[in-house]
Every structure is written in C-alpha cells, then in structure tokens.
Amino acid sequence: MNTLPGRLIVIEGPDGVGKTRIARDLVNILATKLRHVASLSFPGREPGTLGSLVYSLHHGLEAFDLTAITPAALQTLHIAAHLDAIETRIKPLLDQGTTVVLDRFWWSTLVYGTVAGIEQATLRHLIAAENTVWHPHVPSCLILLDRQSSLRSEPVRDWDKLKAAYARLAKEEQFSFPVHRVCNDGEPTETLDNICQILAEDLAN
C-alpha cells in the first residue's frame, strides 16, 4: 500500500515576528497527535549543510573574506540552499508521509528581495526555479504571523515595509493554497491555539 504524502505547514513573516518559537512549539503539539513530524527551516542551520553555510555567510561576510555581496547574489544563494534542502530533506520526508513544519518559504526571498530593491524579473526567475523543484508539493497551510512591533531588542530594518510586502503577497497567493494571517501580539499559547484551530479545519479537507 502506498504511503500518503505528508503535509507541508509553513510559518512565515518578517524577522522578529516570532516564527521560530511558534514553529518549535507547534511541532511539539503536532508530535502528540501525529506519528511522524519534522521541523526544518530556510536556509537552515544544520551543520554540514549548504543552508548552514549560507546562513553563516549572510550573517558574517567577514568570516569568508568578503566585504560586500549584492542583494540579488545573496538571494540567489538562499534559493540554492532552498533547492538543496527541498531535494535532500523535505521532499523525501513528505513522500514518506511525514508532516513537515517549515520556518520560512520562498515568500521570504520575494519579500526581502523586493524590499532590498532587486528587479522583480530576477526574483521571479529565482522563485520559478524553486517552485519547479517543489512540484508536485504545495503547502497544506501557510501561516503568516503578524505583530505590531518586533520581538527583537534591536530594531528590525524596514519592519513596516516587510510587513506590507508580506501582506500583499498573502493576498496574491491566497488562491494557490490555504493562507492565514495570524496575530502574534498576545501570548504564544493564544497564537498556537489559533493556529491549531486553523490546521484542524484546513487539514480535515
């Protein structure tokens, strides 16, 4: 008997919105209800992976003897890390019937690239390459977290622009797969309760 594909649940939003904690706590909740659940992130920080290398480069150019990198080149590296993770980790897990909770999606490439001023044509080509590799998988549900202000102690650059770009993208993509904007201004438990209710409705269909 063939194994049914696993569900892909995506948590998105700008830096400082609380994605990592919500994704971690959601995995813990789902693990009590499902046999196979995995937590992954883009670009990823697992040692020995391309995602970890790209993350380190993004947050510390000097360690690689680089003084600067263009926004388009940086997002291309992120897409490369996405492709590697999709092919080597995510799709095999989904094909085995594992539910994957993914912290970030290609949405981040488009949003951060747009705010950084990258040509839309360049971004769309990069994302088209990623979506080719994702095929035939699409998110069962994408949760876009929203907050009035960042949770980080230091200001997040272009916070309002990032929020606006995510809101526009959510409106554009709402017919591609289930998209839900969830406020994370209250307690994390309240946010998680809302997400669990959404998942119960979406995954039942």
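Here, every reference points to the structure presented above.
Residues numbered from 1 in each chain as written. Predicted model: local features only at pLDDT ≥ 70, side-chain atom pairs only at ≥ 80, totals over all residues. Heavy atoms only, no water.

1. A closer look at the overall build of the protein
Next up, step 1: A tally of regular secondary structure across the protein gives seven helices and five strands.
Next up, step 2: Starting at the N terminus, the α and β elements of the protein follow one another as β-α-β-α-α-β-α-α-β-α-β-α.
Next up, step 3: Its C-alpha atoms give the protein a radius of gyration of 17 Å, near enough to 17 Å, the size a compact globule of 205 residues would have.
Next up, step 4: C-alpha atoms of the protein, sized along the principal axes, occupy 50 × 40 × 30 Å.
Next up, step 5: The buried share of the protein, taken over its 205 residues, is 45%.
Next up, step 6: Intrachain contacts of the protein at a sequence separation of at least 6 include 77% that bridge at least 24 residues.
Next up, step 7: Here the protein displays about 11,100 Å² of accessible surface, and carbon together with sulfur accounts for 53% of that area.
Next up, step 8: A gap of 2 Å separates the mean positions of the 19 positive and 24 negative side-chain charges of the protein. (Helix = DSSP H or I, 4+ residues; strand = E, 2+ residues; numbered from the N terminus. Rg over C-alpha atoms; globule rule 2.2 N^0.38 Å. Buried < 20%, exposed > 50% of the residue type's maximum accessible area, 1.4 Å probe, protein only. Contact = heavy atoms within 4.5 Å. Areas by Shrake-Rupley, 256 points an atom, 1.4 Å probe, with all protein chains shown as cover. Lys, Arg positive; Asp, Glu negative; His and termini not counted. Charge placed at Lys NZ, Arg CZ, Asp CG, Glu CD.)

2. Section: unusual backbone geometry
Leave glycine aside and you will find that most residues have negative phi; peptide bonds, for their part, are mostly trans.
Next up, step 1: Along the chain, Phe42 connects to Pro43 via a cis peptide bond; the corresponding omega equals 0°.
Next up, step 2: Backbone torsion omega between His135 and Pro136 reads 5°, so that peptide bond is classified as cis.
Next up, step 3: Looking at the element boundaries, Pro136 is found in the loop between helix H5 (120-134) and strand S4 (141-146).

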